[in-house]
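Read off the chains here:
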Amino acid sequence: MRKIIAILITLTMLFSVLSIMPAFAYTGYETVWTQNFDVESELNDKFAGVVVANTVEFNTTNGKDGSGCIALYKNATNNNCGAKIRVDNSILENGKTYRFKADVFVDLNASTDVDKKQIKIGYLNGWKGTVLSQSVTSCKAGNWTTIYSEEFVYNASAADATDGINVRIDGTTYDISGENKDILYIDNLAVEEVVTDYFKNTKGEKVSTTADAGYYADTFDADVKTGAISFDAYISDNDDDVASYDSFGMYVYRLGYEDGKQSVFATGDDAKNSLKDANGLINVLVEEIGEEYFGEKILVVPYVVVDGETYLGEVFTYSVNDAGENLKWLGAKGE
């Protein structure tokens, strides 16, 4: 890996972190649970659907991938067409942010005067509780549409003790005309975790800050050692992003001290070209860490400055001891 920034800092010059949150990290979604309704038994499974004020059928061929799905249509007394679907709450972690998504298909066989329907998806606390939040998507008939709920933070202590958090999908003003009936198909229900603590490069690959550590000593087992940590942090390998930077660099702190902070930075076209050559990565080397401080955490935060505004990246901590069995003897200092 090409090193484009290096700094020599004694540990006593490193300082503590203030309240810092990532500002230019990638926000993405990772699927943590799915319900595909590929077999009919899933309709009565613990984590499958219970119909609300309409009729439900299992359809073996009309799913998005040609397999099973839920088929919903109104009954004689209610125009609404929807279902509550149980969610396996064991996959939800307290304090994390999630959203629901599902594929829906609107089949209008009776409502011949319209070509789309409003579909709602939301989450509810418990099984008989009211929907806490809903988002609405206009879905064109004859096409599969992916719909998404609003994001929510899972609070384990507030979740219903028996039934937890579940999802509800609703359509409105569905009709029946003789043998014809409007049908709402539901497939591929999923829970997605909202992830904001990583970056993506231009290849779509996740990129996170990494670190490696070693120590200088006259011999491998010498009594006197001084540590070093090398941090590699991702800024960007996108040409347009890099061109917009006034400067970029990394803040370096010693966790637990409040006297100040150290900043290493680069600016100018040469630095930007080096950043792109290094696939968007910068390197900071922290040295002269006394052995008594090998357990102390060093915290680094990459940043960029654009139009005079500073944007912070991923917060990352590491100590010499974190290298464990991979701690390297670097030879005698100066070799």
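Scroll up a little and you will see the structure.
Residues numbered from 1 in each chain as written. Predicted model: local features only at pLDDT ≥ 70, side-chain atom pairs only at ≥ 80, totals over all residues. Heavy atoms only, no water.

Peer 1: Would you mind going over the pairing of strand S18 (residues 247-254) in detail, with residue names and values included?
Peer 2: Burial of S18 is extensive: 8 of the 8 residues sit out of reach of the surface. Going residue by residue along S18, you find Ser 247, Gly 249, Tyr 251 and Tyr 253 tucked away on one face and Phe 248, Met 250, Val 252 and Arg 254 tucked away on the opposite face as well. Of the strand pairs in this sheet, S18 and strand S21 (residues 298-306) are connected by 8 bridges, and their pairing is antiparallel. Across the sheet, the residue bridging to Tyr 251 is Val 301, located in S21. (Buried < 20%, exposed > 50% of the residue type's maximum accessible area, 1.4 Å probe, protein only. Helix = DSSP H or I, 4+ residues; strand = E, 2+ residues; numbered from the N terminus. Pairing = 2+ DSSP bridges.)

Peer 1: Pulling in residues and values, what's your account of the environment of Phe 105?
Peer 2: With respect to the helices and strands, Phe 105 occurs in strand S6 (residues 97-107). Phe 105 sits 39 residues away from Trp 144 along the chain, and the two C-alpha atoms are 4.7 Å apart. When neighbours within four sequence positions are excluded, Phe 105 is seen to be in contact with Gly 142, Asn 143, Trp 144, Ile 183, Leu 184 and Tyr 185. (Contact = heavy atoms within 4.5 Å.)

Peer 1: An account of a negative patch on the surface is requested, with residue identities and associated values reported.
Peer 2: Taken together, Asp 221, Asp 223, Glu 291 and Glu 292 make up a surface patch of like negative charges. Here Glu 291 shows up in the loop between strand S20 (281-290) and S21. Given a relative accessible area of 35%, Glu 291 falls into the partly exposed group. (Patch = residues over 30% accessible without salt bridge, like charges linked within 9 Å, V, L, I, M, F, W, Y side chains within 5 Å. Areas by Shrake-Rupley, 256 points an atom, 1.4 Å probe, with all protein chains shown as cover. Salt bridge = Lys/Arg side-chain N within 4 Å of Asp/Glu carboxyl O. Lys, Arg positive; Asp, Glu negative; His and termini not counted. Charge placed at Lys NZ, Arg CZ, Asp CG, Glu CD.)

Peer 1: How would you explain the nonpolar core if you had to name every residue and give the values?
Peer 2: Counting residues in each nonpolar core, the largest one holds 31 residues, and the members touching the most others are Phe 100, Ile 119, Ile 147, Ile 165, Ile 169, Leu 184 and Ile 186. Of all the elements in the fold, those that place two or more residues in this core are strand S4 (69-74), strand S5 (81-85), S6, strand S7 (116-125), strand S11 (165-171) and strand S14 (183-200). The element contributing the most residues to this core is S6, with 5 residues. Formed by 29 residues, the second largest nonpolar core is a distinct cluster that contains Ile 229, Ala 271, Phe 294 and Val 306. (Core = buried A, V, L, I, M, F, W, Y, C linked by side-chain atoms within 4.5 Å.)

The quantities given are spatial measurements derived from coordinates; they are silent on function.
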